[in-house]
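Residue-level listing of the chains:
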Amino acid sequence: MLALLVEKVAQGHQAVEHASEHSGSGTDFIIHDILARPVIKLPTVLGIDLTITNHVLMMWIVSALLIFMFKYAFRKRQQVPRGLANALEAFVLYLRDDIIVPNLGEAGKQYAPYLLTAFFFILLSNLFGLVPGGATATGNIGVTATLALFTFVMVQLAGIRKKGLVGYLRHFSPPGIPVLLNIIMIPVELISMLTKHFALAIRLFANMIAGHITVLALMSVIFFFRSWLISPFPLALIIFSSLLEILIALIQAYVFTILSAVFIGGSVAEEH
Amino acid sequence: MDLMTPEGGTIFWTAVTFVALLVILTKVGWKPILKMLDERERTIKESLEQAQKARIEAEKTLASQSEILEAARKEAGDIIARARQSAQEAREEIVVKARSEGDKLLQRAKREIELSRDKAIEEIRDLSVDLAMAATQKLIGKTLNKEDHQKIIQESLSELGDLN
């Protein structure tokens, strides 16, 4: 599905490039909008291109906003929270009571900061992608892969911390099976673990770009038809998709957080 | 720049940004907030327990108060009943006393009347004797002797007795 989508986008891109030689309008803005654009050129160090892209910039904006928001809302301790503090607290409370504690139990205290940070970071990144002029950092596979990598690292650390290195490694070979079966079981367990985290990265990334591609594709319908008369229909669908994107922004932040909690919880859980 | 290829630079900056955010938010956000939430939950729990305790206490007090009130009401009723009874008794006593007093007075009055009447009759009798004597003396012109005298008195007395 995704591959198809990407292929289509790429095709569209080429077609538009081709078309734009003749006319000024096209749909190249779709791919242009989704891909990272360099903002500040920086040199390549140790094979890593340190150029600041608009996605990196958005991450910084989101981070700064988050820090400022929490600092501002909780600048003074109050018994009864009001306004922004109350809203943020509702989120924190929900995450703590409905995601972290049910999946991690008492151990959740240690991992709560990571899961809370991930949730708010992803949520704000998703939402900022909807702001005109903004860019969706979570629509960049590099960003989501890094976030999934963090969850992966947290899962491994949590497991090792709880069971010790040996105990944790033993968990890849389920107890009560013939020794020879481990030849199959260990790779299967390893692959299933890697797949989970790989899916975590792809899920967030694909959901975020899918909404944008839909909106932008609908927008290009107007340009393809070159008629104002057609515009109300794509516009109605664009508004609907945009509203849907707000919902998806919330859902994906929630999904990433709850899956991270479930993975960490599975890692610290006693053998089943 | 390819859609499906993670770039080193993006990964690097994401990691740096995310770790920094994690560290800063843990310090300024999560730790104080989670601590505050725990504290508030504890406070609420304690307050609820205290309220529960206070309620039980209040109920106890109320029960004992209503007990006291009931006792007081009963006592008041007793007092009123007793007072009413003693008043009744006193009234009856007073009535009886008054009646006996009245009777006594009446008796005395009767006796006095009787005495006065007797005295009056006596006086009338004496007077009538004197008058009779005087009249007879005038008529006969002489003084009757003692026997005649006596006889006449007896006669007139019997006449008076008939009058009586």
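Please read these numbers as outputs of a predicted model, since none were measured by experiment.

Draft legend 1. Region of the structure containing the overall build of chain B. Scanning chain B from terminus to terminus reveals two helices and zero strands. Buried residues in chain B amount to 7% of all 164 residues.

Draft legend 2. Representation of the interface of chain A and chain B. Facing 39 residues of chain A, the contacting portion of chain B comprises 29 residues. Counting residues per element, the ones that place at least two in the side of chain A that touches chain B are strand 3 (48-49), helix 3 (54-73), helix 4 (83-104), helix 5 (108-128) and helix 6 (141-170) of chain A. Broken down by element, the side of chain A that touches chain B gets its largest block of residues, nine residues, from helix 3 of chain A. Classifying every residue of the side of chain A that touches chain B by side-chain character gives 25 nonpolar, ten polar and four charged.

Draft legend 3. Up close: helix 4 of chain A. Helix length check: helix 4 of chain A, at 22 residues, gives a terminal C-alpha distance of 30 Å against a target of 32 Å (1.5 Å per residue), a fit within 8%. A maximum bend of about 35° is found in helix 4 of chain A at arginine 96 of chain A. Taken together, the buried positions of helix 4 of chain A are occupied by Ala85, Leu88, Val92, Leu95, Arg96, Ile99, Ile100, Asn103 and Leu104 of chain A. Looking at the buried residues of helix 4 of chain A, the elements they touch are helix 3, helix 5 and helix 8 (232-268) of chain A together with helix 1 (8-140) of chain B. Looking one or two places after helix 4 of chain A, you find glycine 105 of chain A, whose phi comes out positive at around 65°.

Draft legend 4. Representation of the nonpolar core. Judged by nonpolar contacts, the single largest core of 66 residues is most densely connected at Leu115, Phe119, Phe121, Ile122 and Ile264 of chain A. Elements supplying a minimum of two residues to this core: helix 2 (28-34), helix 3, helix 4, helix 5, helix 6, helix 7 (182-225) and helix 8 of chain A together with helix 1 of chain B. If you tally residues by element for this core, the top one is helix 5 of chain A, at 13 residues. Once residues within four sequence positions are removed from consideration, isoleucine 264 of chain A is found in contact with Leu104, Tyr111, Met154, Val155 and Ala158 of chain A.

Draft legend 5. Structural view of helix 6 of chain A. Its 30 residues give helix 6 of chain A an end-to-end C-alpha distance of only 32 Å, which falls more than 12% under 44 Å, the value for a rise of 1.5 Å per residue. When the local axis directions of helix 6 of chain A are compared, the greatest deviation, roughly 110°, occurs at glycine 164 of chain A.

What counts as what
Residues numbered from 1 in each chain as written. Chains lettered and ligands numbered in written order. Predicted model: local features only at pLDDT ≥ 70, side-chain atom pairs only at ≥ 80, totals over all residues. Helix = DSSP H or I, 4+ residues; strand = E, 2+ residues; numbered from the N terminus. Buried ≥ 20, exposed ≤ 12 C-beta atoms within 10 Å, placed from the backbone. Contact = placed C-beta atoms within 7 Å. Nonpolar A, V, L, I, M, F, W, Y, C, P; charged D, E, K, R; others polar. Expected span 1.5 Å × (residues − 1). Bend = angle between axes of the 7 residues up to and from the residue. Core = buried A, V, L, I, M, F, W, Y, C linked by C-beta atoms within 7 Å.

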